[in-house]
Amino acid sequence: MVAAVLRSLLVDDLFGEVSEKDGRRFIRLKETGANAKLKKVDIYDIPADSLLIKLDKYKQPKSLFKGENGERKRCDYVLATAIDDRPLLVFMEMKSTTVKDSEIQRQFKGAECVLDYCDAVLDRFHGHDGVLRQCEKRFVILYKSRSINK
């Protein structure tokens, strides 16, 4: 249900593909930055009715927040899904360099704020009271080290 209500709210350009290969559903996360060493990650066995949101496709308005404390930051992707009928939001960030805790925390907090705003819009304009607040949240950092992809 979470994926369906987000699909009804957000523009199609923000959605990544949930594909299938050899009978297994998967998502492909891509990093397009010129200096990125980690260019793509495939995650398999994605539950049916999942929705991949590419938050970095959303152009953050610079005319609203100053951004001095990271208010304009957000992670790369959010996967809206359900496991055993429990709604789940998985926030994902791809990194090719050393991971700084403060930077990652700002990106995840910013992404949470975007989803909080979506929740408020779904409540006030679509009659879905707190549908995203009911979701469990997980935060994932994908990075490439010198020796192994993690």
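Analysis parameters
- Residues numbered from 1 in each chain as written.
- Predicted model: local features only at pLDDT ≥ 70, side-chain atom pairs only at ≥ 80, totals over all residues.
- Heavy atoms only, no water.
- Helix = DSSP H or I, 4+ residues; strand = E, 2+ residues; numbered from the N terminus.
- Contact = heavy atoms within 4.5 Å.
- Buried < 20%, exposed > 50% of the residue type's maximum accessible area, 1.4 Å probe, protein only.
- Pairing = 2+ DSSP bridges.
- 1 Å grid on protein atoms, 1.4 Å probe; cavity = no way out; pocket = protein on both sides within 12 Å on 5 of 7 lines; lining within 4 Å.
- Points joined across faces, edges and corners; volume = space filled by probe spheres on them.
- Nonpolar A, V, L, I, M, F, W, Y, C, P; charged D, E, K, R; others polar.
- Axes fitted to C-alpha atoms, helices over the stretch in contact; angles between N-to-C directions.

Caption draft 1: Expanded view of the environment of glutamate 31. Within the secondary structure, glutamate 31 sits in the loop between β3 (24-30) and β4 (40-44). Considered as a pair, glutamate 31 and glutamate 136 are 105 residues apart in the sequence and their alpha carbons are 26 Å apart. Not counting residues within four places of it along the chain, the set of residues in contact with glutamate 31 comprises Ala36, Leu38, Lys39, Asp76 and Met94.

Caption draft 2: The arrangement of the pairing of strand β5 (residues 51-54) in detail. Residues of β5 alternate between two faces, with Leu51 and Ile53 on one and Leu52 and Lys54 on the opposite face, all of them buried. By the bridge criterion, two bridges tie strand β1 (residues 15-16) to β5 in an arrangement that is antiparallel. From the neighbouring strand, glycine 16 faces β5, where its bridge partner is leucine 52. By the bridge criterion, four bridges tie β5 to strand β6 (residues 77-83) in an arrangement that is antiparallel. Pairing of lysine 54 across the sheet is with tyrosine 77, part of β6.

Caption draft 3: View of the layout of surface pockets. Space inside the largest pocket adds up to approximately 520 Å³. Taken together, 25 residues form the lining of the largest pocket, with Tyr58, Gly110, Cys113, Val114 and Tyr117 sitting closest to its centre. Top contributing element to the lining of the largest pocket by residue count: helix α2 (residues 101-126), with eleven residues. Class assignment for the residues of the lining of the largest pocket results in 16 nonpolar, six polar and three charged. Volume-wise, the second largest pocket comes out at about 320 Å³. Lining of the second largest pocket is provided by 13 residues; of these, Gly16, Arg28, Lys30, Lys54 and Tyr77 occupy positions nearest its centre.

Caption draft 4: Local environment of the sheet that holds β6. The five strands lie next to each other as β1-β5-β6-β7-β8, forming an open sheet whose pairing is mixed. Every interior strand has two partners, whereas the edge strands, β1 and β8 (136-143), have only one. Inspection of the sheet shows β6 paired to strand β7 (residues 86-95) by seven bridges, in the antiparallel sense. Each residue of the ladder has a partner; that of leucine 79, found in β7, is valine 90. Contacting β1, β5, β6 and β7, helix α1 (residues 2-9) runs over the sheet at an angle of about 40° to β5. Running over the sheet, α2 touches β6, β7 and β8 and is turned about 140° from β7.

Keep in mind these numbers describe shape, not what the thing actually does.
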